[in-house]
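# Chain and residue survey
Chain by chain, the residues:
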Amino acid sequence: MKSILLGAAIGALVAGTAVAQEKMRISLQLPLTSHLGENLSLFEKEVEERTGGAIDVEIYDSATLYKDKEVPAAVGSGAIEAGVASLTRYVGDAPVVDVFYMPFLFNTEDKVRAAVAQGSTVRDTIETAVAETGGQILYWQAYGGAILLSQGGPITRPEDLEGKKVRVFGKTLGDFVTAAGGAPTLISGSEQYLAYQRGTVDVGMTGVSGVKSRKLWEVMDTITVTNHADIEFVVVVNTDWWNGLSDEIRAQITEAAAVAQEDVRDRMSQIEAEAYAAAEENGMTIVELSDEDLAAWKEVVQPVYDNYVAASGEAGQGILDSLGD
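Quick summary incoming for the structure in this document. (Residues numbered from 1 in each chain as written. Predicted model: local features only at pLDDT ≥ 70, side-chain atom pairs only at ≥ 80, totals over all residues. Heavy atoms only, no water.)

### Considering the overall build of the protein
- Counting its regular elements, the protein contains 12 helices and 10 strands.
- Its C-alpha atoms give the protein a radius of gyration of 22 Å, within 12% of the compact-globule value 20 Å for 325 residues.
- Oriented by its inertia axes, the alpha-carbon framework of the protein measures out at about 85 × 45 × 30 Å.
- Here the protein holds 325 residues, and 51% of them are scored as buried.
- For the protein, restricting intrachain contacts to residue pairs at least 6 apart in sequence, the fraction spanning at least 24 positions comes to 76%.
- Taken as a whole, the protein presents about 14100 Å² of accessible surface, with 51% of it coming from carbon and sulfur.
- Across the protein, the 24 positively charged side chains and the 49 negatively charged ones have centroids separated by 6 Å. (Helix = DSSP H or I, 4+ residues; strand = E, 2+ residues; numbered from the N terminus. Rg over C-alpha atoms; globule rule 2.2 N^0.38 Å. Buried < 20%, exposed > 50% of the residue type's maximum accessible area, 1.4 Å probe, protein only. Contact = heavy atoms within 4.5 Å. Areas by Shrake-Rupley, 256 points an atom, 1.4 Å probe, with all protein chains shown as cover. Lys, Arg positive; Asp, Glu negative; His and termini not counted. Charge placed at Lys NZ, Arg CZ, Asp CG, Glu CD.)

### Here we look at the layout of surface pockets
- The calculated volume of the largest pocket comes to roughly 520 Å³.
- Along the walls of the largest pocket sit 27 residues, with Phe-106, Asn-107, Gly-145, Asn-227 and Glu-272 positioned nearest its centre.
- Of all elements in the fold, only α4 (109-116), β4 (135-150), β9 (230-238), α10 (247-281), β10 (285-288) and α11 (291-300) reach the threshold of two or more residues within the lining of the largest pocket.
- Here the lining of the largest pocket gets 5 residues from one element, more than from any other, and that element is α10.
- The residue makeup of the lining of the largest pocket, split by class, is 12 nonpolar, 7 polar and 8 charged. (1 Å grid on protein atoms, 1.4 Å probe; cavity = no way out; pocket = protein on both sides within 12 Å on 5 of 7 lines; lining within 4 Å. Points joined across faces, edges and corners; volume = space filled by probe spheres on them. Nonpolar A, V, L, I, M, F, W, Y, C, P; charged D, E, K, R; others polar.)

### Details of empty space enclosed by the protein
- Applying the stated criterion across every chain yields a total of 1 cavity of 30 Å³ or more.
- Taken as a whole, the largest cavity encloses approximately 110 Å³ of empty space.
- What lines the largest cavity is a set of 16 residues, and nearest its centre among them are Gln-29, Arg-167, Gly-189, Thr-206 and Phe-233.
- Among the elements of the structure, β7 (204-207) and β9 are those that each provide at least two residues to the lining of the largest cavity.
- Its residues assigned to classes, the lining of the largest cavity comprises 5 nonpolar, 7 polar and 4 charged.

### Description of the pairing of β9
- Among the 9 residues in β9, 9 count as buried, and that is most of the element.
- Residues of β9 alternate between two faces, with Asp-230, Glu-232, Val-234, Val-236 and Asn-238 on one and Ile-231, Phe-233, Val-235 and Val-237 on the opposite face, all of them buried.
- Both strand β3 (residues 82-86) and β9 contribute to a ladder of 5 bridges, which runs antiparallel. Bridge pairing in β9 places Ala-85 opposite Val-234. (Pairing = 2+ DSSP bridges.)

### A word on the nonpolar core
- Formed by 79 residues in total, the largest nonpolar core has its most connected members in Met-24, Phe-43, Val-99, Phe-100, Ile-126, Leu-138 and Ile-253.
- Here this core takes 7 residues from β4, the largest share from any one element.
- Here Val-99 is in contact with Leu-105, Phe-106, Val-122, Ile-126, Tyr-308, Ile-319, Leu-320 and Leu-323, once residues within four sequence places are set aside.
- Within the second largest apolar cluster, 19 residues are counted, among which are Trp-217, Ile-223, Val-225 and Ala-278. (Core = buried A, V, L, I, M, F, W, Y, C linked by side-chain atoms within 4.5 Å.)

### A short note on the pattern of salt bridges
- Inspection of every chain in the model, using the stated rule, returns 17 salt bridges.
- Salt-bridge contacts for Asp-263 lead to Arg-267; the nearest nitrogen and oxygen are separated by 3.2 Å. With Asp-263 and Arg-267 both in helix α10 and 4 residues apart, the pair spans about one turn of that helix.
- In this structure Asp-263 comes out as partly exposed when scored by relative accessible area, which is 28%.
- For Arg-267, a relative accessible area of 26% gives the class partly exposed.
- Three or more residues joined by partner-sharing salt bridges are found here, namely Lys-23, Asp-56 and Glu-58. (Salt bridge = Lys/Arg side-chain N within 4 Å of Asp/Glu carboxyl O.)

What follows is the structure in C-alpha cells.
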C-alpha cells in the first residue's frame, strides 16, 4: 500500500511540474538556419537554462504559423506568446518605427549602435509606441543594411529604377522607390523567392544575409550595395502573457534576451561578409556605389523624409533631431 501511495505522490508531482511549465511559442518568418533563426536558438537555450525549464521555448520558423505581416496582430491579440517581425511591420500603429528607413541616414555601424542602444531617444520612443499594440519589444535583432537585387545589371542610379517594379517590405521603403521613379510592391520575406522567380517584380530589396539564407542567387544575379536603410527585426511578446509571469521568470528571460541581442549585433559585420562571399561563390556580381552614384540618390530622397515627419509628427521629428547630422 505504501508503494502505491508513494507512486501516486510521485505521479502527482510530475503532473504538477508539467502543468507549471509555461510555453513560449515564437513565430519566425525566416528559416532556422538564418542568422535570426540561429539567434532565436541561442535565446531558447539561454531561457530554458536560466529558468530551469520552467519556460519551454518553441520556435516556428519559415512562416509556418504566421507571415511577417501577421505577427504584430497575432502577438498583440495573444494568439501566440511571441514573434519576430521586421520593425516596419508596426508602421501602421507606430509610424516612428520607420526612422531606420530614412534613406542613407544610418550609414555607419556607430550610428546604428547609438540609435538602438538602451535608453536612446530612438529606442525609447519606438518601444513606447509599439507597446500600445498589445505587444512589447523584448529585444532587437540586427539584420544589416538594405541592398538591391537585380537580373542582368546593377541598380546604381535612381534612373535605373524608373518604370521597374521593386519588392519592398514597408511603406517608407516604398516611398524611397517612388521617389526614384520605380513602382513599389509589398512582398513578405517568405514570398520573395517566388516573386523574383516568376517576374512579379523586376528588382529585389532585402538584407544580404537573406540572399544567403534564401539562396536568392538562384533567381537574381546582381547585388547593388546601396545600404540605403538599416533593417531591424524585433522579438515581441504579448503584454498580458508577459505580465502574467513572475518577476523572477521575467528577469531571467530579460537576461537571456540581453545575451541574444548582444550576440547578433556583434556578429552582424561577419554575417554580412560571409553572405557577400557566399553570393559571389554562387555567381552573383557585387556592385558598390561610387560617390557620384550616392550623390544622385540623395538628390531625390527628400520627399521620403517629408512623408516620415508628416506621418509621425512630433515624435518622429524628435527622433530626427536627436540624431543630429
